[in-house]
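Architecture at a glance
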Amino acid sequence: MNIILFGPPGAGKGTQAKKLVDFYGIPQISTGDILRANVREGTELGLAAKAYMDKGELVPDDVLIGIIKNRLTEQDCIKGFILDGYPRTVPQADALAVILDEIEKPIDVVLNLEVPDEELIRRISGRLICSKCGASYNRTFNPPKKEGICDICEGEVFQRADDKEDAVQNRLSVYKKQTQPLIAYYAKQGILVTLDGTKDMEKVFKDIKAVLVKFA
Ligand code: AP5
Ligand code: MG
């Protein structure tokens, strides 16, 4: 099953991707997580990406296309994959089509999680992330049991630099300008399914599974 999880920042792509990994046993490919891991490890790629990410700008397409090409040809993608946060521009989507054509793994469905701006801002500004395992919490409606400590691995939880007010506003406008056109792009191919992302996490997951049942 080859899936794209699509939607604006804060729509719940990462949250739902983790549930899908557990349920279907196929990997989550989050370009945001890959980039953040590179920033943490201080790689050349991470150093180049950090300035864009902190401001809420997109990292240049050629960098992302290289990352995704390498990742999709890894062994664990044989049975399928969940793309989370890629593609984000038309050139990225065009490059993806070429890569998937080469490895004969067409996209089955693009799940578009729809959430209004006010709710996105509310979610992102409260988000906390575990520095060790990447688990996602929310200060208001999903806090870790012990303040500042991850429930799963006891790592330290923190706020992403790009989850601060200014960067969040910029990420939303970047999404509208550069990423939202992909909704029409995939609708035209007949593989877009739009879901209400404002429901609670379990209900959204149930709706996703109902769509995926025909691809499993
Ligand atoms: P990335 O890490 O992909 O960030 P994003 O798209 O901005 O999305 P988020 O991770 O903020 O949101 P999400 O949809 O995963 O929501 P989540 O599940 O965490 O990218 C970061 C940066 O990297 C980019 O700005 C860019 O610089 C760079 N980058 C990455 N990919 C790139 C690419 N392809 N090209 C160029 N640059 C790229 O949920 C958010 C919060 O809401 C959490 O607190 C969660 O607990 C809560 N929540 C989730 N679902 C629900 C629900 N149903 N009800 C209530 N709360 C919920
Ligand atoms: Mg995410």
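What counts, and at which threshold
- Residues numbered from 1 in each chain as written.
- Chains lettered and ligands numbered in written order.
- Predicted model: local features only at pLDDT ≥ 70, side-chain atom pairs only at ≥ 80, totals over all residues.
- Heavy atoms only, no water.
- Helix = DSSP H or I, 4+ residues; strand = E, 2+ residues; numbered from the N terminus.
- Buried < 20%, exposed > 50% of the residue type's maximum accessible area, 1.4 Å probe, protein only.
- 1 Å grid on protein atoms, 1.4 Å probe; cavity = no way out; pocket = protein on both sides within 12 Å on 5 of 7 lines; lining within 4 Å.
- Points joined across faces, edges and corners; volume = space filled by probe spheres on them.
- Nonpolar A, V, L, I, M, F, W, Y, C, P; charged D, E, K, R; others polar.
- Phe/Tyr/Trp six-rings, centres within 6.5 Å; stacked < 30°, edge-to-face > 60°.
- Lys NZ or Arg CZ within 6 Å of the ring centre and 35° of its normal.
- Pairing = 2+ DSSP bridges.
- Expected span 1.5 Å × (residues − 1).
- Arc of directions from axis to C-beta.
- Contact = heavy atoms within 4.5 Å.
- Salt bridge = Lys/Arg side-chain N within 4 Å of Asp/Glu carboxyl O.

**Remarks on unusual backbone geometry**
The omega angle of the peptide bond from Y86 to P87 is 0 degrees, so this bond is cis rather than trans. Along the chain, the position of P87 falls in the loop between β3 (81–84) and α5 (90–102). Although it is not a glycine, E104 sits at a positive phi angle of roughly 55 degrees. When its relative accessible area of 70% is taken as the criterion, E104 is described as exposed. Phi angles above zero are rare outside glycine, and E154 is one such case at about 65 degrees.

**Quick notes on the layout of surface pockets**
By volume, the second largest pocket is sized at about 230 Å³. The wall of the second largest pocket is formed by R36, V39, R40, K50, M53, D54, S131, F158, Q159, R160, A161 and D162. Listing elements by their share of the lining of the second largest pocket, those giving two or more residues are α2 (31–41) and α3 (44–55). Here the residues of the lining of the second largest pocket sort into four nonpolar, two polar and six charged.

**As for the packing of aromatic side chains**
Under the definition given, this model contains four aromatic pairs. The interplanar angle of 80 degrees and the centroid separation of 4.9 Å between the aromatic rings of F23 and Y24 together place this pair among those described as edge-to-face. Residue classification places F23 among the partly exposed residues on the basis of a relative accessible area of 48%. On the numbers, 5.9 Å between centres and 85 degrees between planes, the contact of F23 with F205 is edge-to-face. With F23 in helix α1 (residues 13–24) and F205 in helix α9 (residues 201–212), this residue pair connects regions lying 182 residues apart in the sequence. Relative accessible area serves as the criterion here: at 7%, F205 is assigned to the buried category. Pairwise contacts between aromatic rings join F23, Y24 and F205 into one cluster. The positively charged end of K19 is found above the aromatic ring belonging to F205, 5.9 Å away from the centroid. Positioned above the aromatic ring of F23, the side-chain terminus of K209 is 4.7 Å from the ring centre.

**Focus: the sheet that holds strand β5 (residues 127–130)**
Reading across from one edge, β6-β5-β7 is the order of the three strands in this open sheet, with antiparallel pairing throughout. The strands lining the two open edges of the sheet, one partner per strand, are β6 (136–138) and β7 (157–158). Of the strand pairs in this sheet, β5 and β7 are connected by two bridges, and their pairing is antiparallel. Residue pairing for β7: C130 is matched across the bridge by V157.

**Here we look at the pairing of strand β1 (residues 2–6)**
For β1, a buried count of five out of five residues is recorded, marking the element as mostly surrounded by other parts of the structure. Side chains of β1 alternate between two faces, with N2, I4 and F6 and I3 and L5 buried alike. Pairing of β1 with β3, which is carried by four bridges, proceeds in the parallel orientation. Bridging from a neighbouring strand, N2 pairs with F81 of β3.

**Points about helix α4 (residues 61–72)**
Between the first and last C-alpha of α4 there are 16 Å, a value that for 12 residues agrees with the 16 Å anticipated at 1.5 Å per step. Among the residues making up α4, those that are buried are L64, I67, I68, R71 and L72. For α4, the arc enclosing every buried residue in end-on projection is 115 degrees, short of the 170-degree limit, so these residues lie on one face. α4 presents D62 and N70 as exposed residues on the side facing more than 90 degrees away from its buried surface. Where α4 is buried, its residues contact β2 (28–30), α2, α3, β3 and α5.

**Thoughts on the pattern of salt bridges**
What the rule picks out here adds up to 16 salt bridges. Taking the shortest distance from any N to any O, the salt bridge between R71 and D76 comes out at 2.7 Å. Assessed through its relative accessible area of 39%, D76 is described here as partly exposed. Here the salt bridges share partners, and the residues they tie into one network are R127, R160, D162, D163 and R171.

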